[in-house]
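So you can see what is in the structure, the chains are spelled out below.
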Amino acid sequence: MERNFWLDDLIAALRPDDPDAAPLLAFLRRRRVRVGSRRMARHIGAVWLPGSWIVLNARYWQPGRAVSPELAGLFLHEVCHLRQGVTTALSVYGELEAWQLGFRYTYRHTGRTPPPVLRDLLALPLARDRDVLREARRLMQVYASKAYRADLLPLFPWGDELRWRLGWWKRTLVE
């Protein structure tokens, strides 16, 4: 895996005046994020790994190529997961936040209109509401196909999901 070949280019390509990029740029300055490249399955653009790693799929992103708004949005998506921490990143809530942030950035800076399914996803409130998160999971799988296994993730970050599940008996008594 090539290491940190693009971090400076990625950071330089992000627009510091962008409302989505600014807080993540501050996070990147505080944290030693490492960027690498590795050949992965075709349906994967990038992944984040604990220990502040972001790995870009070498099928699509090579050193020396210009940083497109799509790549910058994908990078912000993964940085968002690093900032969230493992328990939030591995939840539908965490994915919704990262998808919205990445796609908002991409479409704001390409001038293109997102497809209807992404417009619906971007319109969802970022809330810890089970119905909203179920709809977000459905829209993610419509956009990315059922191969995107959001159905395996808890809706809330793990601690909140566990508290919600343990409180099922209280909810049944009230209803």
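Residues numbered from 1 in each chain as written. Predicted model: local features only at pLDDT ≥ 70, side-chain atom pairs only at ≥ 80, totals over all residues. Heavy atoms only, no water.

Novice: I'd like a description of the layout of surface pockets, backed by residues and values.
Specialist: Of the pockets and cavities examined, the largest pocket occupies roughly 1100 Å³. Residue lining of the largest pocket: 32 residues in total, with H43, G45, A46, L74 and Y148 positioned closest to the centre. Listed by contribution, the elements that provide at least two residues to the lining of the largest pocket are β3 (46–49), α3 (69–84), α5 (92–110) and α7 (130–144). Taken together, the residues of the lining of the largest pocket sort by class into 18 nonpolar, eight polar and six charged. (1 Å grid on protein atoms, 1.4 Å probe; cavity = no way out; pocket = protein on both sides within 12 Å on 5 of 7 lines; lining within 4 Å. Points joined across faces, edges and corners; volume = space filled by probe spheres on them. Helix = DSSP H or I, 4+ residues; strand = E, 2+ residues; numbered from the N terminus. Nonpolar A, V, L, I, M, F, W, Y, C, P; charged D, E, K, R; others polar.)

Novice: Quick one: what's the story with the confidence of the model for the protein chain, residue by residue and with numbers?
Specialist: Here the protein chain averages 86 in pLDDT, and 92% of its residues register 70 or above. Across the protein chain, the element-wise mean pLDDT spans from 49 in strand β1 (residues 2–3) up to 96 in helix α6 (residues 116–123). (pLDDT = per-residue confidence, 0-100.)

Novice: Go over the side chain of H77, please, and point to the residues and values.
Specialist: Tracing the backbone through its elements, the reader meets H77 in helix α3. The residues touching H77, leaving out its near neighbours within four places in the chain, are E95, A98, W99 and L101. (Contact = heavy atoms within 4.5 Å.)

Novice: Kindly report on the pattern of salt bridges, identifying the contributing residues and their values.
Specialist: Summed over all chains, the structure comprises 11 salt bridges. A salt bridge links R108 to D20, with the shortest nitrogen-to-oxygen separation between them at 3.1 Å. In this pair, R108 sits in helix α5 while D20 sits in the loop between α1 (7–13) and α2 (21–30), placing the two residues 88 residues apart along the sequence. With a closest N to O distance of 2.6 Å, R163 and D160 form a salt bridge. (Salt bridge = Lys/Arg side-chain N within 4 Å of Asp/Glu carboxyl O.)

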